[in-house]
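Examination of the molecular architecture
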2 protein chains.
Amino acid sequence: MGFRTALLAAALVAAASPSLAQGDKDKPKSAQEIIDAAPASAWRELDPANTLYLQLANGRVVIELAPDFAPQHVANIRTLAREGFWDGLSIYRSQDNFVVQFGDPDVGEKNAKSQGSAKTKLPAEFERKAEGLAFDELPDSDGWAAEVGFAKGFPAARDPKTGKAWLAHCYGMIGAGRDVAADSSNGSELYVVTGQSPRQLDRNITLVGRVVKGIELLSVIPRGPEPMGFYDKPEQRTPIQSIRLASEVPAAERTPLQLLKTDSQAFVDAVESRRNRRDEWYKHPAGHIDLCNVSLPARDPTAKDRNTP
Amino acid sequence: MGFRTALLAAALVAAASPSLAQGDKDKPKSAQEIIDAAPASAWRELDPANTLYLQLANGRVVIELAPDFAPQHVANIRTLAREGFWDGLSIYRSQDNFVVQFGDPDVGEKNAKSQGSAKTKLPAEFERKAEGLAFDELPDSDGWAAEVGFAKGFPAARDPKTGKAWLAHCYGMIGAGRDVAADSSNGSELYVVTGQSPRQLDRNITLVGRVVKGIELLSVIPRGPEPMGFYDKPEQRTPIQSIRLASEVPAAERTPLQLLKTDSQAFVDAVESRRNRRDEWYKHPAGHIDLCNVSLPARDPTAKDRNTP
């Protein structure tokens, strides 16, 4: 790789990791340096009971569920995973700059796969009471909601007028497809946001979690040629080998992963370093960051270079 | 495909095309219905002199250049295309939720490809005078800029205080990679936004155009395993067969394409129908749309169903 290419790239990546010469102590720290220096206490472990492994032929996608926002959907998803509902089903839709969707392409038909002991009917879980929910608010304005920030590690929004909070449709968020009726989802058909954040869906559909590792396995799935990204031939679908709760996978086979706590000083500092870029490359710091532009750092605590999962 | 799946999908796609029963005359029109009903005068043709064809093994990506914002970069890109600079080069970087980048992976090295008669040095073209530029402003707030909207068909921003306007880093926008110096790009190394709009790059790098067709060929390119999405092996790169100006391609081989004018009533109405979704599926119209959530309709005027390019 050429020197200038590397520099162009380094520059383009918004100087996430500018190479600071030894002794550059007056230079502001980059977001990556802040994250690398975060104490162990700033990191949290995933709860295996709230973690799903979506296994594809070419790798594992790790999903964190959001029971604090969608308790009934998450309970049903746990049942579906435990009973192997998705095993052998597929990702049957990939729409550019929007979503991939997976589950049973024959749902609602005579040949639909049995959903076992999962509930067929659940209430909509579009929002919840803000009261009692720790909310790490961003100071940045948002066009879609009065307040935005992070709750339980997820991008979220809040309205002091209604006293409600809800999850936000950022990249990697996972929701439960539904019919016209608000209460027509049960968590068997799930979509993952793989494009520009479709925030207009907020409070219109139940979000159940977020991809915390492996999103790049989903985002490159070829787009379906039919309207809304469906495939015209079943063989174009991406087979799902299995979806399992991490708690039902032997400990040795689990994916080691830690997430930076959104109420940690390191997280606050990293976001600020992205809001106002102070490295040489940036000529015009934005003075702003959008909720869905905030990255949620993850790391493999067992890796030698554990900050580059 | 199952009935319910189709419905789930139809619902999820935000009811872009709800199937209205005959006689549903009181129902508000969907964005797609508004676009389908737009008069011929609401559509514009691409100027072949401002159109690039990026030819990959599996298809053609159509790019509209933005000479009103980056005249010198666009002139240089025209020279590079005319002289076949990119032919046989590659897409050498794909970073998830960010960009793909193409050009010469050896740029700046001894074995770099000659750039022929293209200029090696250009001024930065980050912004321009707002005066004299028609600007179709959105009424929606934006965290990154005082005013946002569309100019010459591109997503753009404007600041009445400085009297400047600039292009915005939305999905599909194309920019010129640069080194630390503001004036270190010449248009030979280009990136395309394939993730959540990195608006922090606005006014920090020269944007030169936008992908108007075929972005789904770029967005699925496997992510590179190295930092910033570079590949570790040259054979992982995606070869570029050629990049040509449409004006240098025989008329019969050009891609027929029209774009909806952003100053047309149909465009204004379509955006409003997305800002406040009034179909049955939506329970909570957002009352807002972000600049980078606005889709810029394109159609093949020669197709039977010409509104589904």
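In short, a report on the structure. Computed from a predicted model, the values in this text were never measured in an experiment. (Residues numbered from 1 in each chain as written. Chains lettered and ligands numbered in written order. Predicted model: local features only at pLDDT ≥ 70, side-chain atom pairs only at ≥ 80, totals over all residues. Heavy atoms only, no water.)

1. Brief notes about the pattern of salt bridges
All names here are of chain A. According to the stated counting rule, one finds 24 salt bridges over all chains in the structure shown. Here Glu-248 and Arg-82 are joined by a salt bridge, their closest N and O atoms 3.0 Å apart. Residue Glu-248 is found in the loop between strand E15 (242-245) and strand E16 (258-260), and its partner Arg-82 is found in helix H3 (residues 71-82); the two are separated by 166 residues along the sequence. For Glu-272, the salt bridge identified is with Arg-278, shortest N-O distance 3.1 Å. Relative accessible area serves as the criterion here: at 24%, Glu-272 is assigned to the partly exposed category. (Salt bridge = Lys/Arg side-chain N within 4 Å of Asp/Glu carboxyl O. Helix = DSSP H or I, 4+ residues; strand = E, 2+ residues; numbered from the N terminus. Buried < 20%, exposed > 50% of the residue type's maximum accessible area, 1.4 Å probe, protein only.)

2. Concerning the relation of the copies chain A and chain B
Of the transformation superimposing chain A on chain B, the axial component is 0.0 Å and the angular component is 180°, with the fit at an RMSD of 0.0 Å. This pairing of chains is accounted for by a two-fold axis. Looking at the rotation axis and the C-alpha trace of chain A, the residue lying nearest is Val-220 of chain A, at 1.9 Å. When the interface residues of chain A are mapped onto chain B, 100% of them again lie at the interface, so the same face is used by both copies. (Least-squares fit on C-alpha atoms with pLDDT ≥ 70 in both. Contact = heavy atoms within 4.5 Å.)

3. What about H3 of chain A?
Residues and elements named next belong to chain A. For H3, with twelve residues, the first-to-last C-alpha span of 16 Å sits near the 16 Å given by 1.5 Å per residue. Within H3, burial applies to His-73, Val-74, Asn-76, Ile-77, Thr-79, Leu-80 and Ala-81. Turning to H3, the residues buried within the fold contact strand E2 (51-56), strand E3 (59-65), strand E11 (173-176), strand E12 (190-193), strand E13 (206-213) and E15. At the C-terminal side of H3, Gly-84 shows a positive phi close to 70°. (Expected span 1.5 Å × (residues − 1).)

4. Some points on the state of the cysteines
Working definition: the covalent bond between the sulfur atoms of two cysteines is a disulfide. Residue and element names in this part refer to chain A. Taken as a whole and assessed by the stated rule, the structure comprises two disulfides over all chains. Sulfur-sulfur distance for the disulfide between Cys-170 and Cys-292 comes to 2.0 Å. Measuring handedness by torsion sign, the sulfur bridge of Cys-170 and Cys-292 sits at about -70° and is left-handed. Linking Cys-170 in the loop between strand E10 (164-167) and E11 with Cys-292 in the loop between helix H5 (265-275) and strand E17 (298-299), this pair joins segments that are 122 residues apart in sequence. (Disulfide = S-S within 2.5 Å.)

5. Comments concerning the pairing of strand E5 (residues 99-103) of chain B
Residue and element names in this part refer to chain B. Within E5, five of the five residues are buried, which leaves the element mostly enclosed by the surrounding structure. The alternating pattern of E5 places Val-99, Gln-101 and Gly-103 and Val-100 and Phe-102 on opposite faces, both of which are buried. Pairing of strand E4 (residues 90-95) with E5, which is carried by five bridges, proceeds in the antiparallel orientation. Bridged to Ile-91 within E5 is Phe-102. Joining the antiparallel neighbours E4 and E5 is a turn of three residues, in which Asn-97 adopts a positive phi near 60°. Looking at chain direction, E5 and strand E12 (residues 190-193) are connected through four bridges and run antiparallel. (Pairing = 2+ DSSP bridges.)

6. Points about the sheet that holds strand E17 (residues 298-299) of chain B
Spatially, E1-E16-E17 (chain B) is the arrangement adopted by the three strands of the open sheet, whose pairing is antiparallel. Each edge of the open sheet is held by one strand with a lone partner, namely strand E1 (43-45) and E17 of chain B.

Honestly, that's just the spatial picture; any functional story needs more than this.
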